[in-house]
Every structure is written in structure tokens, then in C-alpha cells.
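Summary of the model geometry
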Amino acid sequence: MKFRALILSNLFRKKVRLLLTLGSFAVALFLFAFLAVVRDAFNRGGSLAAANRLVTINRVSIIQPIPLSYRDQIARIPGVQRVTHDNWFGGVYQDEKNFFPQFAIDPENQRQVFSELLVADDQWNAFLKDRQGAIVGASTAKRFGWKIGDRIPIKTTYWGGGAWEFIIEGIYHGRTPQDDETQFWFQWDYFEEHAPESQKGLAGWYTVKLDSPDDATRVAKVIDDEFANSPYETKTETESAFAASWVKQFGNIEFLILVIGSVVFFTLLLVTGNTMAISVRERTGELAILKAIGFKDGSVLLFVLAEALAIALGGGILGLGLAMLAIPVLGASLSGMLPSLILSKSILAAGLGFALLVGATSGLLPGIGAMRLRVVDAFRRI
Amino acid sequence: MASVNINGNSSALIQVRGLNKTYRRGGEQIQVLQGLNLDVDKGDFVGFMGPSGSGKTTLLNLLGGLDVPSSGTVSVAGDEITHMSSGKLTEWRARHVGFVFQMYNLVPVLTAYQNVELPLLLTRLSRSARREHVETALAIVGLQDRAHHFPRQLSGGQEQRVAIARAIVSDPTFLLCDEPTGDLDRKSADEIMALIEELVSKHSKTVLMVTHDPVVSARAHMVLHLEKGVLVEASKSRQNAMAGGGA
């Protein structure tokens with residue numbers, strides 16, 4: 001603490017340089033947080049996927065349907081607890097930009113298979129009684145200001161086109177903040193009623209809830225074997241594997257984020273390393289004086305490191321603070337296009353760790369230089 | 001009284017024996033100091049003069065533990081410093097040496113008070129004890145009212161006073177002054193020399209000073225000349241001569 005004045009005075013010696021360096025850190029940390037949040041959003045499907053759930057799709061592609069008749073066959077396989085089926089609706093509300101995921105669901109099994117998505121019993125019962133009823137995720141309801149009882153037209157270019165009208169009967173909430181609250185569910189019967197003849201009796205995919213996650217590999221194989229050599233061969237995988245292959249459709253997000261993150265890291269390292277090196281070089285005489293009057297080599301190194309870490313910490317907090325303010329706004333504007341963007345405590349902690357790592361690394365070389373500085377050589381130079 | 005001869009004065013505060021310093025520049029060996037012997041008693045005020053490159057600053061650096069000799073020994077108050085490790089030497093400097101430089105070498109972002117306090121940050125003194133020491137040192141150099149000024153807000157003479165306060169604040173065994181008036185006008189130089197004299201006479205400080213200026217060196221009790229790395233006892237100062245001091 002007694003060295004605080006010395007460290008702080010040196011820190012504020014060149015205010016413009018300090019501001020620019022803090023700004024570099026802040027921008028980099030903001031970018032880090034944003035990339036981490038996007039990566040987290042894409043990977044969340046995998047991390048939230050239940051270990052005891054399988055997804056069965058048409059072997060050709062998820063956009064190819066599979067017969068509804070498969071449901072009972074799958075349900076009979078030992079180890080299968082429940083089966084539910086869904087269909088992608090692909091509509092928009094009022095405007096093309098108001099996109100969010102809508103599914104025609106199997107109301108008998110949806111709640112039991114996706115037990116982490118919670119709907120109040122009275123709302124669910126009202127939904128079951130209403131063919132036009134819909135259950136909407138809390139995030140989407142908030143986004144459009146929907147409440148129970150509202151009549152909602154959803155336009156679609158598939159399934160015969162036109163606007164389909166739904167009545168909001170309930171709002172579901174995720175058990176955890178990471179759970180997806182953007183979905184819109186409606187009755188399978190209503191869908192079948194309005195779908196073209198060619199699409200009747202077909203489901204988009206099945207979600208299979210198992211008695212035990214240990215059965216996943218065996219049951220997946222049994223399902224696919226069951227429908228092998230049929231006109232609708234299936235591909236069954238765990239929900240996390242399904243989520244991962246879904247994300248891959250967007251390209252190698254992980255790699256892209258890693259590359260951008262690495263470029264940011266090294267650029268920041270060069271900028272701050274250069275700043276610290278210049279800052280130390282400017283102070284050669286002062287560092288020599290400190291050593292002459294009895295400050296040890298280690299103390300001088302610590303002073304330089306403390307400055308670098310203080311800049312890193314300040315810039316990091318600034319950048320992450322901006323991210324905390326901006327990411328909810330960005331998330332709201334991207335709602336429906338991306339899963340919800342959540343700046344978690346672990347991302348904030350990783351961001352601060354990242355900032356401190358860059359700070360320590362950038363201060364290390366100039367600090368070692370200052371530590372090794374020979375007083376007589378320094379005096380000869382000044 | 002300081003002496004360049006070994007006269008068996010084992011009570012001398014600073015004892016230098018057979019001090020050599022050689023530098024290598026390119027492929028050439030340059031002998032800066034050649035077998036120097038020197039005894040300095042407590043309370044002495046010794047001036048070192050000599051042409052540029054004669055080894056004055058090198059000698060001061062060796063006496064202050066900032067550099068190590070090629071051979072020979074330097075002992076201060078019974079501690080032989082020439083074989084101390086770098087870390088030990090740093091600790092020793094903090095306890096025993098006060099440095100005053102030609103360019104003052106104050107930390108520009110610290111106030112006069114904070115500059116003077118720097119050596120005390122290495123001690124276990126409490127904040128209030130440090131304040132007391134700093135205020136005393138600033139009072140000795142007559143700058144109590146400039147304690148919270150930054151170096152850029154002070155004149156050259158005032159900056160050097162702050163540097164002297166920093167040098168004496170931890171009550172070191174001796175002071176090393178390298179051209180303390182070299183960057184000052186005559187009036188300021190006289191004031192600084194009066195202050196150094198006061199430190200010697202009133203506060204019993206031992207001072208070793210390098211200077212080019214004969215007027216300044218005349219204020220020392222004894223002036224030693226360095227010529228081609230060899231120390232020559234040149235004169236006692238006029239004051240001492242008047243006071244009856246013999247060579």
C-alpha cells in the first residue's frame with residue numbers, strides 16, 4: 001500500500017497514452033465478451049441438451065419428413081420412456097424481421113419430454129382445450145408484448161402459405177436462465193388440419209426420452225436399424241450431438257471465434273507491450289535512481305507489472321462493463337436469429353482473467369528489462 | 001582527516017585498499033582506477049577533482065556500491081562491500097548511502113514530499129514516523145513550504161535541495177555528491193554548498209563530493225585529485241588551512 005502513490009503517479013504520468021491503452025483494452029474485452037457470448041449461445045444447445053434424450057431425423061436431411069407411424073414403433077423399443085414429435089413451421093409475425101422458432105408439437109408428450117420448460121398447469125390445460133391455442137416462451141412474449149388471450153397471426157410461406165391465427169393460452173419459462181425461451185408451440189392437430197395433403201401424416205423429427213442415458217447408443221442403433229432399407233431411413237443421435245451438428249450448419253463458429261479472439265489477443269499484447277516498453281524506457285533514469293537508493297530488482301519488476309496489471313484491470317472492467325450494457329440490447333435486436341445472448345459470470349471472470357494475462361505478459365518483458373538495468377549504465381545514458 | 005595513504009587508521013569510516021577498475025571497450029582494456037588507497041574519517045568533507053575521464057564518477061560509484069571494482073576492497077563502517085551480492089548491496093545502499101546528483105534526478109510525477117519519502121518506503125517506519133522524518137529533512141533544506149510542489153514547479157536550486165533532503169532523510173552513513181552544483185547558477189550553487197557545509201558541521205555528515213569547480217571544491221575540508229586513475233592528495237581547503245589544519 002505504501003507504494004500506491006508511486007505506482008498511481010506513474011500510471012497517470014501520460015494521461016492520453018493511458019486513455020488510449022485503456023481504450024484498447026476496453027474494445028478488446030468488449031469484443032472478447034461478445035464473441036464468448038455468441039459462442040456460448042451457439043454451444044448452449046449442446047450443453048443444455050439432456051443426456052437422456054435422442055433426436056431422430058430423416059437420414060437424408062432434417063428438412064425431409066418421417067412418417068408419424070414411426071412414433072409407436074419407437075415407443076415400443078425397450079429403454080424408451082416417451083416419444084414426442086415436432087414440425088418446423090417457419091413463420092413470421094407481421095414482418096420478415098420478426099422471426100422466431102415455431103413448432104407444431106405433440107401436446108400429449110411435449111411437457112414430459114422437455115421437462116425443463118415449465119408451463120403452469122392451468123395454462124397447459126387451457127392450451128389442450130383450444131385447437132388454436134399456443135404456448136409461447138417468456139422471451140418472445142416479452143419481445144412482442146404478448147399476453148394470454150391475445151390472438152396472434154403468423155404468416156408462413158410453407159404449408160400452404162397465408163396467415164395462421166393462434167391464441168396465446170400460456171407462457172413457458174426455462175428452469176435456468178440459459179434455457180431457450182424463444183419458442184412458440186401450437187397444437188399438432190391444428191397443424192394437420194391446415195397442412196397440405198402431401199404433408200399430412202408426416203413429422204419433422206422425433207425427440208425420444210430414455211429411461212437411462214446409458215441406453216443412448218443402444219437405443220439409437222435399434223431405432224435406425226428398425227427403419228433401415230425403408231423409404232424413410234432415420235438418423236438418430238443424442239440431443240447434444242444433434243445440437244452440435246445444427247451449429248455446424250452455420251459454419252465453423254468455434255474456429256472463427258478462436259481466430260478472431262487470437263488476433264485480438266496478440267494485437268492487444270503488441271499494443272500494450274509496446275506501450276509498457278516505451279513507458280519504461282522513458283523512465284530509465286528514475287528507475288536507476290530507485291535502484292540507487294535501495295529499491296531491489298524485484299521491487300522494480302513489481303512496479304512495472306503492477307502498472308501493466310492496473311491498466312489491464314481498468315480497461316478490462318471498462319470493456320466488460322460496456323459489454324454488460326450493450327449485449328442485452330444487441331441480444332434483443334438479434335432475437336430470433338440467434339439464441340439468447342447471456343453474459344454469464346464465467347464469461348466475465350474469463351474476460352478479467354484474459355485481461356490480466358495480457359497485462360502481465362505485456363509488462364513482463366519491460367519489467368525484466370527494468371529489473372536488469374544496471375544503475376551505472378543508466379546514469380551514463382541520461 | 002581523509003588520507004590517500006594507508007597509515008594504519010583502522011578507525012576510518014571508509015577504507016579503500018588497492019582499488020582497481022578496468023573497463024573493456026571493444027577489444028581494448030581501459031584502466032580507470034589504479035590501485036587506489038583512501039581513508040575517510042567520520043565527519044570528513046572530501047572533494048574529488050580531476051579532468052574528464054579521470055575516474056571521479058567511477059570512484060564515487062564504487063564507494064556507493066553502484067558498481068563493483070575489478071580488484072581491491074571498499075569497507076564502510078567495518079562492512080566490506082566489494083564482495084556483497086547485488087541484493088545485499090542494494091540493502092546496504094539503502095541504509096548507508098545518500099546520493100546527490102548533478103541533474104537532481106527527482107521523480108517528476110511525485111511531489112517534493114513524496115520524493116523525499118521514497119527511501120523511507122523501504123523501511124518499517126509507520127506513516128506518521130515517515131512524515132516526521134520527511135518534514136525534518138525538508139526543514140533542514142529550508143523547503144517545508146514547498147512540500148507539495150512537483151519538481152517542475154521548483155527552481156533548479158530548490159530541486160537540488162529536495163534531492164539533498166531525499167539523500168539525508170534516512171540518516172545515511174555518508175553522502176555521495178556527484179557535481180551537485182554542476183547545473184546551477186553561482187548563487188544557487190553557493191546556497192547548495194552552504195547547505196552541504198551545514199550538514200557536515202551541524203549534523204556531522206560525512207560527504208564525498210565530485211566537482212569540476214575549484215570554487216566549490218574549496219569548500220571541502222580536503223580536495224583530492226584524480227589523475228589518470230591515481231589519487232593525489234592536493235590540498236586542504238582554505239578554511240581548514242586558516243583553522244590551522246595541516247596537510
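Computed from a predicted structure; not experimentally measured.

Here is what the cut-offs are and how they apply
- Residues numbered from 1 in each chain as written.
- Chains lettered and ligands numbered in written order.
- Predicted model: local features only at pLDDT ≥ 70, side-chain atom pairs only at ≥ 80, totals over all residues.
- Helix = DSSP H or I, 4+ residues; strand = E, 2+ residues; numbered from the N terminus.
- Buried ≥ 20, exposed ≤ 12 C-beta atoms within 10 Å, placed from the backbone.
- Contact = placed C-beta atoms within 7 Å.
- Nonpolar A, V, L, I, M, F, W, Y, C, P; charged D, E, K, R; others polar.
- Domains from an automatic or database assignment.
- Axes fitted to C-alpha atoms, helices over the stretch in contact; angles between N-to-C directions.
- Parallel < 35°, antiparallel > 145°, perpendicular 65-115°, else oblique.
- Left-handed = near helix turned anticlockwise from the far one by under 90°.
- Pairing = 2+ DSSP bridges.
- Core = buried A, V, L, I, M, F, W, Y, C linked by C-beta atoms within 7 Å.
- pLDDT = per-residue confidence, 0-100.
- Expected span 1.5 Å × (residues − 1).
- Bend = angle between axes of the 7 residues up to and from the residue.

1. Topic: the overall build of chain B
Each helix and strand counted, chain B has eight helices and 10 strands in total. The proportion of buried residues among the 247 residues of chain B is 48%. Considering only residue pairs separated by 6 or more positions, chain B has 68% of its internal contacts joining residues 24 or more positions apart.

2. Topic: the interface of chain A and chain B
Chain A puts 18 residues into the contact, and the matching count from chain B is 18 residues. Elements supplying a minimum of two residues to the side of chain A that touches chain B: helix H1 (4–11), helix H11 (284–292) and helix H14 (375–381) of chain A. Element by element, the count of residues in the side of chain A that touches chain B is highest for H11(A), at five residues. In the side of chain A that touches chain B, the residues fall into nine nonpolar, four polar and five charged.

3. Points about the domain arrangement of chain A
Assigned domains within chain A: domain 1 (4–45 + 251–381) and domain 2 (60–232). On a C-alpha basis, the centroid separation for the pair domain 1 of chain A and domain 2 of chain A is 46 Å.

4. Concerning the packing of helix H12 (residues 297–333) of chain A against helix H13 (residues 345–372) of chain A
All names here are of chain A. Here H12 crosses H13 at 150°, and the two axes come no closer than 7 Å. The orientation of H12 relative to H13 falls into the category roughly antiparallel. Remark: the crossing between H12 and H13 carries right-handed chirality.

5. As for the pairing of strand S1 (residues 53–58) of chain A
All names here are of chain A. With six of its six residues buried, S1 lies for the most part within the structure. Summarising the sheet, S1 and strand S11 (residues 205–210) pair through four bridges and their orientation is antiparallel. By the bridge assignment, Leu 54 is partnered in S11 with Val 208. Two strands pair when backbone bridges link them, and S1 and strand S12 (residues 234–238) are joined in this way by five bridges, in the antiparallel orientation. Bridging from a neighbouring strand, Leu 54 pairs with Thr 238 of S12.

6. Looking at the packing of helix H10 (residues 253–282) of chain A against H13(A)
All names here are of chain A. It is the contact of H10 with H13, at a shortest axis distance of 8 Å, that shows an interaxial angle of 30°. Considering their axes alone, H10 and H13 lie roughly parallel with respect to each other. For the pair H10 and H13, the sense of crossing is right-handed. Counting all contacts with H10, which are made through Phe 265, Leu 268, Leu 269, Thr 272, Gly 273, Met 276, Ala 277 and Val 280, the residues of H13 involved are Val 358, Gly 359, Thr 361, Ser 362, Gly 363, Leu 365, Pro 366, Gly 369 and Ala 370. A per-class count over the contact of H10 with H13 returns 10 nonpolar, seven polar and no charged.

7. A look at the nonpolar core
A:Ala33, A:Val37, B:Ala165 and B:Leu208 are the most contacted members of the largest nonpolar core, which totals 117 residues. Broken down by element, this core gets its largest block of residues, 13 residues, from helix H2 (residues 15–48) of chain A. Residue contacts for A:Val37: discarding those within four places in its chain leaves A:Ile327, A:Leu341, A:Ile342, A:Leu343 and A:Ile347. Counting 22 residues, the second largest nonpolar core, distinct from the first, contains A:Tyr93, A:Phe100, A:Ile135 and A:Phe184.

8. Some thoughts on the sheet that holds strand S1 (residues 14–25) of chain B
All names here are of chain B. Strands sit in the order S2-S1-S4-S5 across an open sheet of four strands; the sheet is antiparallel. Edge positions in the sheet fall to strand S2 (28–40) and strand S5 (79–80), since each has one partner strand and no second. Note that strand S4 (residues 71–76) and S5 share two bridges and pair antiparallel. Note that in S5 the partner of Ser 75 across the bridge is Glu 80.

9. Here we look at the confidence of the model for chain B
Residue and element names in this part refer to chain B. Summarising the model, chain B shows a mean pLDDT of 88, and 90% of its residues fall at 70 or more. Here helix H8 (residues 238–242) stands out as the least confident element of chain B, with mean pLDDT 44; helix H3 (residues 112–117) is the most confident, with 96. Confidence over residues 238–247 falls short of pLDDT 50; this stretch has six contacts with residues more than four positions distant or in other chains. The ipTM value of the predicted complex is 0.88, and its pTM value is 0.71.

10. Some remarks on the environment of B:Val207
Residues and elements named next belong to chain B. For Val 207, the location among the structural elements is in strand S8 (residues 206–210). On the neighbour-count criterion, Val 207 (24 C-beta atoms within 10 Å) is buried. For the pair formed by Val 207 and His 221, sequence separation is 14 residues and the distance between their alpha carbons is 9.8 Å. When near neighbours in sequence (up to four residues on either side) are disregarded, Val 207 contacts Phe 45, Phe 174, Leu 175, Cys 177, Ile 196, Leu 199 and Val 200.

11. Some details on the pairing of S4(B)
Pairing of S1(B) with S4(B) involves five bridges; the strand directions are antiparallel. Looking at the pairing, B:Gln15 lines up with B:Ser75 of S4(B).

12. Notes on helix H2 (residues 86–96) of chain B
Side chains three or four residues apart in an α-helix point the same way, a direct result of the helix having 3.6 residues per turn. Listed as buried for H2(B) are B:Thr90, B:Arg93, B:Ala94 and B:His96. Against H11 of chain A together with S4, strand S6 (97–101) and strand S7 (174–178) of chain B lie the buried residues of H2(B).

13. Let's talk about H13(A)
All names here are of chain A. Compared with the 40 Å implied by 1.5 Å per residue over 28 residues, the 40 Å span of H13 between its first and last C-alpha is a close match. Its maximal kink placed at Leu 364, H13 deviates by approximately 35°, while the proline Pro 366 follows within four residues. Every buried residue of H13 is listed here: Ile 347, Gly 351, Phe 354, Ala 355, Val 358, Gly 359, Ser 362, Gly 363, Pro 366, Gly 367 and Ala 370.

14. Description of unusual backbone geometry
One non-glycine residue, A:Asn229, adopts positive backbone phi at about 65°. Turning to its location among the elements, A:Asn229 is positioned in the loop between helix H8 (216–226) and S12. Taking the C-beta count within 10 Å as the criterion, A:Asn229 has 6 such neighbours and is therefore assigned exposed. Of note, B:Asp171 is a non-glycine position whose phi angle comes to about 50°, a positive value. In this structure, B:Asp171 sits in the loop between helix H5 (156–168) and S7.

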